Structures are given as C-alpha cells and as structure tokens.
Amino acid sequence: MTVACQSSASPTPDLGSSDFLKRPVGQNFLDIPFKSLFHVRQYDNSDAAQMISDVQRYFVDNWPWKSNTECQSYLDADLEWATLLGYPDMLPECVRPFSIYITWGFLIDDTVDSWSPQELNIFIKGCYRMLKEYDCQVEEVEEERESQSTYLTMMRDIFDRIMATDIADPGAPSPARDLCRGTFQWLLTTASIAERESAMQSPSLEAYLNFRAQDTGMCLSKEMIAWACGRPIKQHLWEDNNIKLLDDLTSKHVSLANDLFSYRRETEVAKQTDAGEVSKAIANAVVFVIQERALDEKDAILFLWHYLSDLETEMLKVEDNIKATYSGGDLDEVERHIECMKAVCAGNIAWSSRCKRYNTPLSN
C-alpha cells in the first residue's frame, strides 16, 4: 500500500543565514581527519530554495511512499543538496530536472535494495523495454503487465524532462540522450546481486572501485557534466588517455567517499531481517579492505581515507599533464571540464559529511 505524504510543514533548507554548508559536520567518520584538496563551490541562484521545494513536492506527490514516516525521512535527508554542491555549474534550464534525476537516483537505489528477486526481475524487464527507445541493439523482452509500475512511470517522466531540455533531433546522439541511455545501464548493474557478490571477490581495491563506479552511477560523470553543465567533451579530446584517466579517478573518488559515509547505514540495513536480497549482498570498500588486508574496522577506515587523499593527489598530477598538452580553445574546454570534475568530488564530500541520510541512525 502506498500513501500520500503530508508535507504542509515540510522542511526546506534555507540558502541564507542557515546555509547547508554551515551545518556542523556529522560524526559518522569525520573524527578521522580528512581535508579535500579541492574547493567546494555551491550553485548560487535566487531560485535555488524554490527549486528544492519544487523537487520535494514532486516526490511527495508521486513517489509510492509506504508510510508518512518514510516520506518524512526523505524530506529530512537533504538529497537535493547533492546536486547544488556537486554540480555548481548547472545550466539554469537543467537545475530542476537534474535535481529530480539525482534525487530519484538515491531513492530508486534504496528501493531496489529492498526488493525480492521477482520484483527486481519485473523492474529490469521494464527498464529493457524503455532502453529500446535509446538503443536499438537491446533484445526483445516479454511484456508483463506488472512491470508498468509507479517506479517505471516516474522514470519515464523524469527522462522525458531531461530530453525536453534538448533541442537536437530526438533520434540523434545528444548529451541528454546519452545520460538517459547510460542510466539504464547503471540500473542493470546496481540491481544485480551476482555482480555485487563478485565485486567483493575482486583481486584488488582498484578492481573493486571499478565496479563501484558502475554500481553508484558515477560512470556517468561525463554524461552528467555534458548535459547538466552544458560542457560536453569533443571526441578528439575524449580520446586522450589522461582525460579518460581523470574521469576514472573522479568516479573512484566519489564511489569510495560514498562507501565510507554509507558504511554504517549499509551494515545496519544488511542486519535487518526484512532487508531485501540486494541490500544483504553488501558491497562496501570498508568491508572489502577488512577482508582483503585483514584489518580491523578502524584501521580499514583510516587506510581508505589515506587512499582517498592519494586519489586527489593523483588527480592533480593528471590535471597538470592535461593542461600541458593543450592550448587555445581545447585548453579552455578541458579546463572547464576538469573544474566540473573537481567540484563533483569536493561537493560530494561536503554534502555527505553534513546530510542526515548518512548521519542519522536507522530506526528499527
């Protein structure tokens, strides 16, 4: 059964004196010192507060909430701030649909974790049907009435909003189309129990993080920046191995930070008797390092914070190599793209360390 959330007194973050960044850092894992080398920037627009309210209203009215408590937890979770801090260079016309998209990504990821294998199968078949609209190579799938769920209806609406910002030929390649198509591939990865279990048997932390970049959706960082910030990379630049490496490092950075901040939450969920099959198949860097290196929890977390710092140092070295390679218009283009990538990393740390999603104990 789903319910409508009562939100007359729903909290809306104040972008003025009580700015989100002024909120005290949570004590989840930041008792271990870490300071990002990247500067935190924030999307700054007078309409931002109204945008947050609009996005909250969209999910209050349309998401299939199981209870008012669940809905209120969403309203309190600060999910919209992930977009404002991670993508400060958003185009004005993309702010609302992109915030809806990012918020939906968090919600659908949590929801998939609670589903049974049968529910996952139905949802995946629905995804395949929609993916056919973006990639003609997808095989035919059997129609199932049950797969026409609220989740799939909302997904189609969100993708329609993304595509509506694109004035290109509806059938031609475009940043909006690439993002929608890539998102389906992400859903197929994050819903796979077998892939999560296999990832925890990876031969190295690097191999594990390659999986997590897919599992968290950060493999789409290039597509997100290209569409939401209006900064696509020309093909001849994207073929540069250093630019590809920087994108890979960015994806690993965000994925690892997410693992660190979500570790407590994920392990608590996995222990619950009513947790879904996917959530019980936990994939987290802390657990991986504890197993791989035979470390206790505290040392594993400390190791990963140092690893995160090393990723940032490596990113700066790769940035220098890229900037030394180009000049003129190409240099301007890669510099803008690099600044977007660094903003994603810094913004994710700033949001994760303050949001209630990661810093509020789960209720039983």
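Residues numbered from 1 in each chain as written. Predicted model: local features only at pLDDT ≥ 70, side-chain atom pairs only at ≥ 80, totals over all residues. Heavy atoms only, no water.

(A) Structural view of the overall build of the protein chain. Along the protein chain, the regular secondary structure elements total 17 helices and zero strands. Out of the 364 residues in the protein chain, the part that is buried amounts to 52%. Carbon and sulfur atoms make up 48% of the accessible area of the protein chain, which totals about 16700 Å². (Helix = DSSP H or I, 4+ residues; strand = E, 2+ residues; numbered from the N terminus. Buried < 20%, exposed > 50% of the residue type's maximum accessible area, 1.4 Å probe, protein only. Areas by Shrake-Rupley, 256 points an atom, 1.4 Å probe, with all protein chains shown as cover.)

(B) Highlighting helix α7 (residues 175–190). In this model, α7 (16 residues) spans 22 Å end to end at C-alpha, consistent with the 22 Å of a helix rising 1.5 Å per residue. Within α7, 12 of the 16 residues are buried, leaving the element largely enclosed by the surrounding structure. (Expected span 1.5 Å × (residues − 1).)

(C) Just helix α6 (residues 150–164), in detail. The terminal C-alpha atoms of α6 lie 21 Å apart, and with 15 residues this matches the ideal 21 Å at 1.5 Å per residue to within 8%. Along α6, the residues classified as buried are Tyr 151, Leu 152, Met 154, Met 155, Ile 158, Phe 159, Ile 162 and Met 163. Packing partners of the buried residues in α6 comprise α1 (48–62), α4 (95–113), α5 (117–131), α7 and α10 (221–228). (Contact = heavy atoms within 4.5 Å.)

(D) How the structure looks around the side chain of Ser 353. Residue placement: Ser 353 occurs in the loop between α16 (328–352) and α17 (356–359). We classify Ser 353 as buried; its relative accessible area is 2%. Only 3.0 Å separates the side chain of Ser 353 from the backbone oxygen of Ile 349, close enough to count as a polar contact. (Polar contact = N/O pair within 3.5 Å; in protein donor to acceptor, adjacent residues only side chain to side chain.)

(E) Spatial organisation of the confidence of the model for the protein chain. Model confidence for the protein chain is summarised by a mean pLDDT of 83, while 82% of its residues fall at 70 or above. Counted against residues more than four places away or in other chains, residues 8–18, with its pLDDT under 50, gives 19 contacts. Scored below 50 in pLDDT, residues 136–141 makes eight contacts in the model with residues more than four places away or belonging to other chains. (pLDDT = per-residue confidence, 0-100.)

(F) Examining the packing of aromatic side chains more closely. The tally for this structure, following the rule as stated, stands at 21 aromatic pairs. Seen in terms of ring centroids, Tyr 58 and Phe 59 are 5.1 Å apart; in terms of plane orientation they differ by 85°. Their pairing is edge-to-face. Across this residue pair, the class does not change: Tyr 58 and Phe 59 are buried. Taking 6.3 Å as the distance between ring centres and 75° as the angle between the ring planes, the aromatic pair formed by Trp 104 and Trp 186 counts as edge-to-face. Residue Trp 104 is located in helix α4, and its partner Trp 186 is located in helix α7; the two are separated by 82 residues in the primary sequence. (Phe/Tyr/Trp six-rings, centres within 6.5 Å; stacked < 30°, edge-to-face > 60°.)

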